[in-house]
Amino acid sequence: MTIAAIRLHHDQRGFTLIEILVVVVIIAIIAAVATLSIGVLGDDREMELETERLTDTIALLQEQAQLEGRDYGLRIEGAGYEFLRFDGFEQRWTNVGEDPWLRPHELPPGLAFALEIEGRLVLLRKPAGADARIPQLMAYGSGDVTPYRLTLARPDTGRRVTLIGGADGMIEIERHEPQ
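As the structure is a computational prediction, the values presented were derived from the model and not from experiment. (Residues numbered from 1 in each chain as written. Predicted model: local features only at pLDDT ≥ 70, side-chain atom pairs only at ≥ 80, totals over all residues. Heavy atoms only, no water.)

A. Molecular detail of the overall build of the chain. Each helix and strand counted, the chain has three helices and ten strands in total. In the chain, the succession of α and β elements from N to C terminus is α-α-α-β-β-β-β-β-β-β-β-β-β. Relative to its full complement of 179 residues, the chain shows a buried share of 33%. In the chain, 55% of the contacts between residues at least 6 apart in sequence involve partners at least 24 apart. (Helix = DSSP H or I, 4+ residues; strand = E, 2+ residues; numbered from the N terminus. Buried < 20%, exposed > 50% of the residue type's maximum accessible area, 1.4 Å probe, protein only. Contact = heavy atoms within 4.5 Å.)

Dropping the structure here:
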């Protein structure tokens, strides 16, 4: 073979295994960064989890009220909520302490509630004393429920989810994305 033939053969080589692996690793890194950034910017997992938890616990509260034939309530504050049960003997609302799902719950930082009942905005604040805790939403032993619009919002991003509860106990969910 001549030197020209050897040089020609050397110039026509393909990619080495290491070059192919480097390109695959770079593509994988770019895909991972793109997936993570879409997940971070695309949805609000914390808000979705809180919405799901709240919807499930309100449904549980309604079932509990019907099963026991007792009145239960949901007291909502700006950044948390608690479930109460009406004690007919003492004629007052008391904590529902036995069920881990119905314990008082604080929202993660950055989330807040807004509540409307009969088209009027309700002022959400901490009660003055333990005996002053009166729920805004009621689930009666008869199966009726206070109609409401409960909005879970993240004010800094403009995202919000509204739970619309009907008197029949059905809950609709409206999602509002920032413009």
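That covers the picture; the talk isn't over yet.
B. The arrangement of the packing of aromatic side chains in detail. Applying the stated rule across the entire model yields three aromatic pairs. Plain terms: the ring middles of Y81 and F83 are 5.7 Å apart, the flat faces sit at 85° to each other, and that makes the pair edge-to-face. According to the relative accessible area criterion, Y81 is buried, its value standing at 4%. By relative accessible area, F83 is classed as buried at 1%. Ring geometry for Y81 versus F113: centroids 5.8 Å apart, planes at 65°, classification edge-to-face. Residue Y81 is found in strand 2 (residues 80-87), and its partner F113 is found in strand 5 (residues 112-117); the two are separated by 32 residues along the sequence. The exposure classification of Y81 matches that of F113, with both residues buried. (Phe/Tyr/Trp six-rings, centres within 6.5 Å; stacked < 30°, edge-to-face > 60°.)

C. Focus on the pattern of salt bridges. Considering all chains together, one arrives at six salt bridges under this definition. With a closest N to O distance of 2.9 Å, E46 and R154 form a salt bridge. Of the two residues, E46 is situated in helix 3 (residues 45-68) and R154 in strand 8 (residues 148-154); the sequence distance between them amounts to 108 residues. You can call R154 buried: its relative accessible area is 11%. One salt bridge connects E48 with R175, and the closest N-O pair in it is separated by 2.8 Å. Of this pair, E48 sits in helix 3 while R175 is found in strand 10 (residues 171-176), placing the two residues 127 residues apart along the sequence. (Salt bridge = Lys/Arg side-chain N within 4 Å of Asp/Glu carboxyl O.)

D. A look at the environment of Q66. Relative to the elements of secondary structure, Q66 occurs in helix 3. Taking the C-alpha atoms as reference points, Q66 and G143, separated by 77 residues in sequence, lie 5.6 Å from one another. If sequence neighbours within four positions are ignored, Q66 has contacts with G141, S142 and G143.

E. Broad picture of helix 3. Taking 1.5 Å per residue as the helical rise, helix 3 with its 24 residues ought to reach 34 Å, and the 34 Å between its terminal C-alpha atoms agrees with that figure. Every buried residue of helix 3 is listed here: M47, E50, T51, R53, L54, T55, T57, I58, L61, Q62 and A65. (Expected span 1.5 Å × (residues − 1).)

F. Summary view of unusual backbone geometry. At Q91, a residue that is not glycine, the phi angle is positive and equals roughly 55°. Of note, Q91 is situated in the loop between strand 2 and strand 3 (92-95).

G. Inspection of the sheet that holds strand 6 (residues 120-122) at higher detail. Strand order across the open sheet formed by five strands is 6-5-8-9-10, with antiparallel pairing between neighbours. Each edge of the open sheet is held by one strand with a lone partner, namely strand 6 and strand 10. The sheet shows a mean angle of 25° between the axes of neighbouring strands, direction not considered. As paired elements, strand 5 and strand 6 share three bridges and run antiparallel to each other. By the bridge assignment for strand 6, I117 is matched with R120. (Pairing = 2+ DSSP bridges. Axes fitted to C-alpha atoms, helices over the stretch in contact; angles between N-to-C directions.)

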